[in-house]
Structures are given as C-alpha cells and as structure tokens.
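Residues per chain, in single letters:
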Amino acid sequence: MFGRQAPRNSLFGSPSQLWKPKNPHSLEYLKYLYGVLCKNQTVTEQNSSLLVEALRSMSEILIWGDQNDDTVFDFFLEKSLLSFFLSYMKQKSGGYICVQLLQTLNILFENISKEASIYYLLSNNHVNSIISHRFDFSDEEVMAYYISFLKTLSLKLNRHTIHFFYNEHAREFPLYTEAVNFFNHSESMVRIAVRTITLNVFRVDDKALITFVCDTTAVGYFPELAACIGKRSFELDSCVRNDAEHSNRGRLADLLCEHVDYLHYISDIFRLGVEPLSDLLTDLLLQSLFNPIHIRSLLASAQEQYQLRLHQLRRRQQQRRVELAAANASSGGGVGGGSAGAAADASATATKTAAASATASPPISSNLALYLLTHVFLAVQHPPLVRQLLTAVLPECSPDKIDVECDNYDDDTDNEDNDLVDADEDQAAALNSDSTGPVDLNATDEQKLLRRQRRLNQRRQLDVLLEFLKPPPSAVATDSAALFCLSFVLAVRRNTGLAKPSALHSPCCARLLCSRLMRLLAYACCEPRATPRIRPVTAELAAQLLSDLVVGDCRTLTDGQWAMLEGAREDSALSLRECFRNEDLFLDQFEDEWRCLELAPVNVEQLMMESSLLLAPAGTPLTGIEFDRRLPCGEAERVRRSIRMFLLLRRLCYGLRREQDPDLPLLSVSTIEGSNNAPIRLGDSLDLNNSDLIGCRVERSGSAGAASVKPPAERRFLAVDASRHQAVLVEPDAKRLGWGVARFIGELQYAEAVADREDSRSLHVAFHNPGGPTVPRGAVPRPPLLTAKFVFDDHIRCMAAKQRLIKGRQLVRTEKMAAIGRLLEFPDSVIDAISPGHSARKAVQRQRASASISPSRLLSTSTSASTSNIRLPTAESVVGAADGPAAVVVQQPATLSSSNKYSSSPSGLDLGEGGELDSSQSQ
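Residues numbered from 1 in each chain as written. Predicted model: local features only at pLDDT ≥ 70, side-chain atom pairs only at ≥ 80, totals over all residues. Heavy atoms only, no water.

**So, the overall build of the chain**
Part 1 of the argument: Across its full length, the chain holds 32 helices and twelve strands.
Part 2 of the argument: Among the 923 residues that make up the chain, the fraction classed as buried is 49%.
Part 3 of the argument: By element, 52% of the accessible surface of the chain is carried by carbon and sulfur atoms, the whole surface being about 43700 Å². (Helix = DSSP H or I, 4+ residues; strand = E, 2+ residues; numbered from the N terminus. Buried < 20%, exposed > 50% of the residue type's maximum accessible area, 1.4 Å probe, protein only. Areas by Shrake-Rupley, 256 points an atom, 1.4 Å probe, with all protein chains shown as cover.)

Put into structure tokens, the structure is as follows:
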C-alpha cells in the first residue's frame, strides 16, 4: 500500500525502466543513451524525435570523452554503436533520422583530435559501409550533410589512416569513388567540395593508392573533367554569340568564374607534385581539350587565309616550272614534263586540302579561344603542359633558328597595301634556301612541296599573333582580338613554368612584336576622335608589353622604331591640342587620368576576369563598365581618352629611354631636403614669426556613419602658402613662443570656401580628396579630407580668409593649366593668355632663386628628430603672387602668443584703387 512507486520515465510503455543520469557529460549518460538505442532498434514515426535527440546527445558525449575521459570511447567501441547507425540507415523508415545521423558523424570527425579516438571510429569498416549507402540524394539537406561528411573524412586522410578507407586487395575506395560521382552536380557548393575531396586524396603519399587513382581517373574522372571544361567553353561561346546587347552578362560572368575555378583546380593538382597523376592529366587535357578546341579554333581563321595565300603561291610556282620545262624542251632538254605534271598534281592536292580546311568550322570563336588560353597561362604553371601549349601556338624551333627564318621577314618594311603573294614568295624562297636541315636528293617534287608547306605553316603560326595585333580592318570591327592577344603574350611571358629562351623571348619575335605594337599605338593616336575603335585599356596593355620587350629584356630600338614612336606621341599631342580648354574641368580630368595611369596600372589577371570584354565594346556608361574598358561616350569622355593617350605615350617614351619625366606630376612640390619649396607635413614645427595668420574656431562636420556625434570645436590659425600650394591649420606650440605645429594640411587646388548666409563671420570650407594609391581604379567621387565651418573673430577676417583660399586656388590652377600648355608645346603667347603675368612671375622666381643664399628649411632645435622647422611666407608673398606685379598689399605685423589672440588688425587684404575693398571680394 505504501510501497515505492516506479518512476514514470518508461519508453512507450516498456516494463523495463531506464534511469536518466543528471550529468549529460559522463559515461553513465552514454550508457543511458545506449539503452535508448537498444529499446528503439526499429525507426518509426513515433520514436524518430527521441532517436534524433539521442544521436545529438551522443555526439556531445563522445567529443567530451575525447578530451576528458578515455573510457567513453572504450564503451563506444565495445558496444559497436556505429552498427546502430548503419542499421537505422538500411530501414525503410530510416529517412526520418538520416539527416541527424550524417550531422552526428560530421560533428564527431570534425571535433575529435586524438588519433586513438579516430581509429576507434574508423574500425570495423562501418564508415565505408555508411559511405556506400544509397541515400535519398533528391533531398537537398541529405545531399549537403553527406558531401560535408565526405569532405570531413578526406581531411583525416594520411599515410596511417588511408588503410581504413582503401582496400588494396579488393581495390575498393568508396570515399573517392562515391565523391567523384557528384563532380558535375548542379549545386556549385557540391562541386567545390568534390574538388576538395579529390585533392585531399591525391596528396596522400601511398604508391598503391596513387596506382589505383591513376587507373580509376584515366577511365572516368579526368575525361569527365576535360569534357566538363569543354562544355563550359561551348556555353561561353554560345552566350557571347547570342548576347549582342549585353543583356545576359550575369550568366556570362558565372560561366567564366566556373571555368577559371576548373583551371585553378587543375593547377592545384599539378602543384601536388604527383608525377604519374600530372603526366596523365597533361596528356588527357592536350588530347581531349586544348588541341581539339582551343588551338584548333585559334588557328582556324588565320589558317584559312594562309591556305589561300599558299594556293596562289603554288599556282605561280607551277606556272614558272611549266615555262621552264617548255624552255628546256624547246632547247632539246626533253625533260621537265614529269616535274610539271607532278607540280600540277601537288597543286591540285593542296587546293583540295585548302578547300577541306576552309569548310571545317572551328568549335569556338578565335577570340574566345585566345581569351581562354590566356586564362590557362595565368592559372597553370606546370612546365610540361604550358610548354606543349606554347609549342602548339608558336613554331617548335630553337630561338636561333627562329631568328634565321625571321631575318627574311622584316615587319618594319611590310606594307599593308603590298601584294600578299609577293611576301609569301619571299618567305618560300627563304625556306627553300635554308640549309639548316638535311637535304633529301631523292625526294619527289610533291614531297618537297609538302615539306615546304609544313615548314611554312610552322612559320605562319608565329604570324597568328601578328594578325591579331593588326588594327581593326573595318569601321565595324573592334579591338577585342588585339586586346586578347596582348593579354595572352603578357601571360605567356610572365608564366613561371616556361623557360626564358622560348619563342616569345627571341630577338626576332621581339622585333616583330615591337613593330606591330608601335603600329597599334600609332593607329590609336591618330584615329578620329568622334569614332575611335581602340579602347584605352588596349593601348595601355600595348605600352606595357612594349616596355617589357625593350626595358625588361634590355633591348634597344632602331632609329626607325624611335621615329614611329615619336610620331605617335606627336599625334597624341596634336589630338589633345584640338580639345584643350582653359577650364577647371579639363585640369581635373588631366590630373585624374594621370593618377589612374600612374597609381593603378592594368593588371592582366584582374582584367581577364571581366566577362564583359568578351562582348562587343560598349559605348555608354549605362552598362556599368569602366571608362577604359569601353568606347568613349560624349565629348567629355573623348577628351578623357585624348588625355589618356597623350599621357600614355609620354610615359612610354620616357620609360623606354629609362628617364624620369621632369614635368609630371604637374607642378609637383620638391621633397629634397633644403629646397625652398619643401612641402609641409603633419606634425612639422613651423616658424610663425612675421607670418600672416588668421585665427578661427574650426567646427568639423560629423561623419556619415555617426551623424549624431559632432567633434569638438578647435582653436586654430589658418595660413595659406601659395608657393607650396598648401593651406595649413596651425596649433600654437606650448613650449616655444612664436612657433606652431601643423595639424591639418590641404591642397589649395582642391579647396572650396563658401560664406555663411546667416553669419558673416563664418566660412564653410571643404578640402576635397584628389585620390591616391589606395583609391580603386575609376572610383569617384571620394569623401573630402576636411569639411568644417571656420568661425572668425569678425567679418573682415572671414573675408580675408575667403580671399586667400580662392585666390590661392585660382593661382595654382592657372599655373597648372600653363604647365599643361607647355607640355602640349603651345607658344608663349598662348601660355601668357592662359596665365596672365606668367612670364613675369617666372622671371621674378628665377631672380629670387639665384639671389637666395640660405634655405628656408632650418635645422631642428627640438628634441624630436622627426619634427621639421619651416618658415611660413608672409602675406605679401602669398597674395602678391596671386594678384601679379600690379597688386597692392597692405601688410601689418602680427604676433602670436600662447593665448591664441592677435595684437593687431587683420592684414593681407587686396585693395583696389582708392584703397577700397573689391566689391566682388567683400561679397
């Protein structure tokens, strides 16, 4: 009656009771979970949630036991708990807990660190049975956890654990064979995981495993890899052909990213250094992918032209031989008929060959083939593969032999309007006279002709690149072929897997490439401004490659090449003179183009990742394509292109001479110690004695991210230094009277000052950011360096500060426009019209420079070695320089004390006639 009642925690009415321990991280709790699994060996809809919770708790206990209690894994191995997992999976209702089973296994192998614990889990071959189980992969969640489980297992592979997965006697390796089945899965994350699994398998140093992998991949995996890359190439070609309006750029970008991922995966396989695997992959890629698709498509269009030209050459040779045979017959020779007949038969055979090759259409477009080959040379550095690819594009000859054959092919004297057949005859004559190889006296005329054709085709493979580098032949053609060819040559020259003495490094190839590059640049400089077809990025790559060929390889240009280059530079200057405008916009465009060209050069690898290059060049900024990757739109962008071409050719000319441009950047402040115009830097100690300063309170604007937080107001002194093109906010030095420390420095050219309509003592000042090396290419607008409200003691000081900032800005911009005029070689009268009083100011500056004895930069007397002491100019030198020789300046002494107050009235105001303020300045 009063007996103890059993607890009500029985499982589904079972008479036997299970006591649940309080501590979830203990061996007793694992025993309790084992009891739960024993009582529920059949999965049903009713107990599925209980089993899921039991499996989740079991993974936590096993991870805890791996770090704290070894008896946990002893019990796990003794009871063979993995057999319960496998039993649940094989049941028809096991789908209820399959996700939790895979998740539990994934968590276990991810978090267990002890090798002994891993061996416990991998023993009894239960893991391989789980891998080989046929899950319902139509469930995305099951697929995700399964592939994640395989990836986690692959990370545990090494020389000691490989025997748990690979059965050498039965030649079974389910981890690898099951993973590669999902290589071409529709989900990108699954494909990436499969590639990771295979790389982890390939890097295991086990000969038996490598043999098995080579035997397996030679049959199925690597051919499927090559076929998948080829399929992506065909999809790219179809997308490019059917997207003339740039409407499917997203799809094109996805296909390109996937193609590049495959190439990097191939490169990762080569980097593992497994020689049998690398050789197998190299042969398969060349035979199944690169040669039949890329190389064939690249050479197909040019080969058709070459076959036609060769046919014309053979017809002329045949006519000459017939005439020679007739002459010999008339003179009694009686021979030559057979030779003429053989030549006719050979000509007919060659004509049939040319017709057959012309009818065979290439798999993809030649531009796309060159573009994809560029990606191959950018991503893959494996020497056997890249050498054979380069050999397929360029002739397989030593550099010396190439030079001998190219001596008769001087591109400098090749006129585009000349008869192409005459050039072919000259080259054929050079090949006939070549005695580098053995001469077969018993060879028939047909064999000799076929041999000459083969050698001429090898020589013509070098001409393929030269054909691509020609300017667009028609008004509707584009520069895409030239752009891809330049990228290809740069990628080949920078590929570390190629030895230096390759075909592209020979002097002959360098000479031919230099000539074609100069012609391309000359065409880009002289083409009409209204309808240009050469994009700025193409010209920049051409200049980059030309600099590598000349400066990088320590070569020199001929006088004719220098003349061609100087002619292109003069054409660019002439084009820029036509669109020169004495406006602030022109100056801003000029300096922005110089910064983009100097501080952000084109990177070939980043450029080739832009899928929009495969489409027709866009002519509007609405496409979102950067300016230098498309054709200019409107007059402003045409001016930008003219500026870019001028700066590019000028930099190239100085670079090839190995000299520094003395005039760029415009009016750059010298940084040489002791110079009169040494720039002021933050933290410099300034000598403020007899300097013209205006005190103000600086109220900075809050940042966009924290608009409610307003920085506190600061008491500063404003100094304008027109000789250094700088405006400085100075804080008095507490240690030395009459000295200050520079707390902010801005360029006068980018200063903007606007008076406050409500307060006549306030001035809104902004110093814009012109950009720098960290600014992305074409990234505008940029946040200003300083946006603040300057509050002065009275409206007179406010007007004086506004006058100095505006006049200093105008002075700097006027002098820079005059500097641009000198760069464009305008006469002095035009430069004086751009900058009135320019010649007089230059004469005064030269006189001051010759009369100066001691520099303005003084030796530092402070204890800090990094602090500089600079004497600021007076108001007479600042405002007087801005107004010219006729300016009248009233200067009164001012002293600066530690109390930050003036002891005199403001000075430095520019007065008109009669001593009154200029009305425009007072407003």
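**Looking at helix α12 (residues 207–241)**
Part 1 of the argument: With 35 residues, α12 extends 47 Å between its outermost C-alpha atoms, agreeing within 8% with the 51 Å of an ideal straight helix rising 1.5 Å per residue.
Part 2 of the argument: At Thr217, α12 shows its largest kink, close to 70 degrees.
Part 3 of the argument: The N-cap of α12, judged by a side-chain oxygen 3.3 Å from the amide nitrogen of Ala208 a few residues on, is Asp206. (Expected span 1.5 Å × (residues − 1). Bend = angle between axes of the 7 residues up to and from the residue. Polar contact = N/O pair within 3.5 Å; in protein donor to acceptor, adjacent residues only side chain to side chain.)

**Some thoughts on the environment of Phe135**
Part 1 of the argument: With respect to the helices and strands, the residue Phe135 is situated in the loop between α7 (126–132) and α8 (140–154).
Part 2 of the argument: Here Phe135 falls in the buried class, since its relative accessible area comes to 8%.
Part 3 of the argument: In sequence terms Phe135 and Cys98 are 37 residues apart; their C-alpha atoms lie 8.2 Å from each other.
Part 4 of the argument: Discounting residues that sit within four places of it in the chain, Phe135 has contacts with Met89, Cys98, Leu102, Ile130, Val142 and Tyr146. (Contact = heavy atoms within 4.5 Å.)

**Topic: unusual backbone geometry**
Part 1 of the argument: The omega torsion of the bond from Leu664 to Pro665 falls at 0 degrees, within 30 degrees of zero and hence cis.
Part 2 of the argument: Residues other than glycine seldom take positive phi values, yet Arg171 does so here, at roughly 50 degrees.
Part 3 of the argument: Of note, Arg171 is situated in the loop between α9 (162–165) and α10 (174–179).
Part 4 of the argument: One non-glycine residue, Glu825, lies in the positive phi region at around 65 degrees.

**Here we look at the packing of aromatic side chains**
Part 1 of the argument: On inspection of all chains with the given rule, the structure shows 28 aromatic pairs.
Part 2 of the argument: On the basis of an interplanar angle of 25 degrees and a centroid distance of 6.2 Å, the ring pair of Phe173 and Tyr176 is categorised as stacked.
Part 3 of the argument: The exposure class of Phe173 is buried, given its relative accessible area of 1%.
Part 4 of the argument: Owing to a relative accessible area of 0%, Tyr176 belongs among the buried residues under this scheme.
Part 5 of the argument: Centre to centre, the rings of Tyr221 and Phe222 are 5.6 Å apart; their planes meet at 35 degrees, and the pair counts as tilted.
Part 6 of the argument: These aromatic residues form a ring-pair network of at least three members: Tyr166, Phe173, Tyr176, Phe183, Phe202, Phe212, Tyr221, Phe222 and Tyr262.
Part 7 of the argument: Lying across the ring of Phe717, Arg715 places its NZ or CZ 5.9 Å from the centre.
Part 8 of the argument: Taking the ring centre of Trp739 as reference, the NZ or CZ of Arg736 above it sits at 4.3 Å. (Phe/Tyr/Trp six-rings, centres within 6.5 Å; stacked < 30°, edge-to-face > 60°. Lys NZ or Arg CZ within 6 Å of the ring centre and 35° of its normal.)

**Brief notes about the side chain of Gln100**
Part 1 of the argument: Relative to the elements of secondary structure, Gln100 occurs in helix α5 (residues 98–111).
Part 2 of the argument: For Gln100, a relative accessible area of 12% gives the class buried.

**Details of the pairing of strand β5 (residues 739–747)**
Part 1 of the argument: Burial analysis of β5 places seven of its nine residues in the buried class, which makes it a mostly covered element.
Part 2 of the argument: Pairing between strand β1 (residues 685–687) and β5: three bridges, direction antiparallel. By the bridge assignment, Leu686 is partnered in β5 with Gly740.
Part 3 of the argument: In terms of strand pairing, strand β4 (residues 726–732) meets β5 through seven bridges, oriented antiparallel. Note on β5: the bridge partner recorded for Val728 is Ile745.
Part 4 of the argument: Counting the residues between successive antiparallel strands, the hairpin from β4 to β5 contains six residues, one of them, Gly738, with a positive phi of roughly 85 degrees. (Pairing = 2+ DSSP bridges.)

**Focus: a negative patch on the surface**
Part 1 of the argument: On the surface, a cluster of negative charge is made up of Asp136, Asp139, Glu140, Glu141 and Glu187.
Part 2 of the argument: Tracing the chain through its elements places Glu187 in the loop between α10 and α11 (188–202).
Part 3 of the argument: A relative accessible area of 43% places Glu187 in the partly exposed class. (Patch = residues over 30% accessible without salt bridge, like charges linked within 9 Å, V, L, I, M, F, W, Y side chains within 5 Å. Salt bridge = Lys/Arg side-chain N within 4 Å of Asp/Glu carboxyl O. Lys, Arg positive; Asp, Glu negative; His and termini not counted. Charge placed at Lys NZ, Arg CZ, Asp CG, Glu CD.)

**Structural notes on the packing of α11 against helix α13 (residues 249–271)**
Part 1 of the argument: One can describe the packing of α11 onto α13 by two numbers: an axis separation of 10 Å at closest approach and a directional angle of 10 degrees. Of the possible angle classes, the one that applies to α11 and α13 is roughly parallel. From α11, Arg191, Arg195, Thr198, Leu199 and Phe202 reach across to α13, where they touch Glu258, Asp261, Tyr262, Tyr265, Asp268 and Ile269.
Part 2 of the argument: For the contact of α11 with α13, the class distribution of residues is five nonpolar, one polar and five charged. (Axes fitted to C-alpha atoms, helices over the stretch in contact; angles between N-to-C directions. Parallel < 35°, antiparallel > 145°, perpendicular 65-115°, else oblique. Nonpolar A, V, L, I, M, F, W, Y, C, P; charged D, E, K, R; others polar.)

**Some remarks on the nonpolar core**
Part 1 of the argument: By size, the foremost hydrophobic cluster in this structure holds 201 residues, and its most contacted members are Phe149, Phe173, Phe202 and Phe590.
Part 2 of the argument: Element by element, the count of residues in this core is highest for α12, at 13 residues.
Part 3 of the argument: Counting 23 residues, the second-largest nonpolar core is a separate cluster that includes Val720, Leu748, Leu763 and Phe792. (Core = buried A, V, L, I, M, F, W, Y, C linked by side-chain atoms within 4.5 Å.)

**Concerning helix α3 (residues 71–78)**
Part 1 of the argument: Within α3 the residues assigned to the buried category are Val72, Phe73, Phe75 and Phe76. The buried residues of α3 all sit within an arc of 155 degrees when viewed along its axis, so they share a single face. (Arc of directions from axis to C-beta.)

**As for the pairing of strand β2 (residues 694–700)**
Part 1 of the argument: Taken across its seven residues, β2 has five buried, putting it largely inside the fold.
Part 2 of the argument: One ladder, built from five bridges, connects β2 with strand β8 (residues 786–792); its direction is antiparallel. Each residue of the ladder has a partner; that of Arg697, found in β8, is Val791.

**Brief notes about the environment of Asp663**
Part 1 of the argument: Residue position: Asp663 is located in the loop between α27 (634–656) and β1.
Part 2 of the argument: Sequence separation between Asp663 and Ala819 is 156 residues, and the spatial gap between their C-alpha atoms is 8.0 Å.
Part 3 of the argument: Other than its neighbours up to four places away in sequence, Asp663 contacts Arg650 and Leu823.
Part 4 of the argument: Engagement of the side chain of Asp663 in a polar contact is seen with the side chain of Arg650, the distance being 3.2 Å.

**Re the packing of helix α22 (residues 507–526) against α27**
Part 1 of the argument: Remark: α22 packs on α27, axes separated minimally by 10 Å, with the N-to-C direction vectors making an angle of 145 degrees. The element α22 and its partner α27 pack so that their crossing is left-handed. Residues Leu521, Ala524 and Cys525 of α22 touch α27, and the partners they reach there are Arg641, Met645, Leu649 and Leu652.
Part 2 of the argument: A per-class count over the contact of α22 with α27 returns six nonpolar, no polar and one charged. (Left-handed = near helix turned anticlockwise from the far one by under 90°.)

**Description of the pattern of salt bridges**
Part 1 of the argument: Under the counting rule described, the total for this entry stands at 44 salt bridges.
Part 2 of the argument: Between Arg251 and Glu235 there is a salt bridge; the shortest N-O distance is 3.6 Å. Taken together, the positions of Arg251 in helix α13 and Glu235 in helix α12 put the pair 16 residues apart, joining distant regions of the chain.
Part 3 of the argument: What emerges from the salt-bridge pattern is a single network uniting Arg191, Arg232, Glu235, Arg251 and Glu258.

**Overview of the side chain of Asn40**
Part 1 of the argument: In this fold, Asn40 is placed in the loop between α1 (27–39) and α2 (48–68).
Part 2 of the argument: One polar contact links Asn40 to Asn47, side chain to side chain, over a distance of 3.4 Å.

**Here's the deal with the environment of Asp268**
Part 1 of the argument: Relative to the helices and strands, Asp268 resides in helix α13.
Part 2 of the argument: Residue classification places Asp268 among the partly exposed residues on the basis of a relative accessible area of 31%.
Part 3 of the argument: Note: C-alpha distance between Asp268 and His382 (114 residues apart in sequence) is 10.0 Å.

Everything listed is a geometric property; what it means functionally is a separate question.
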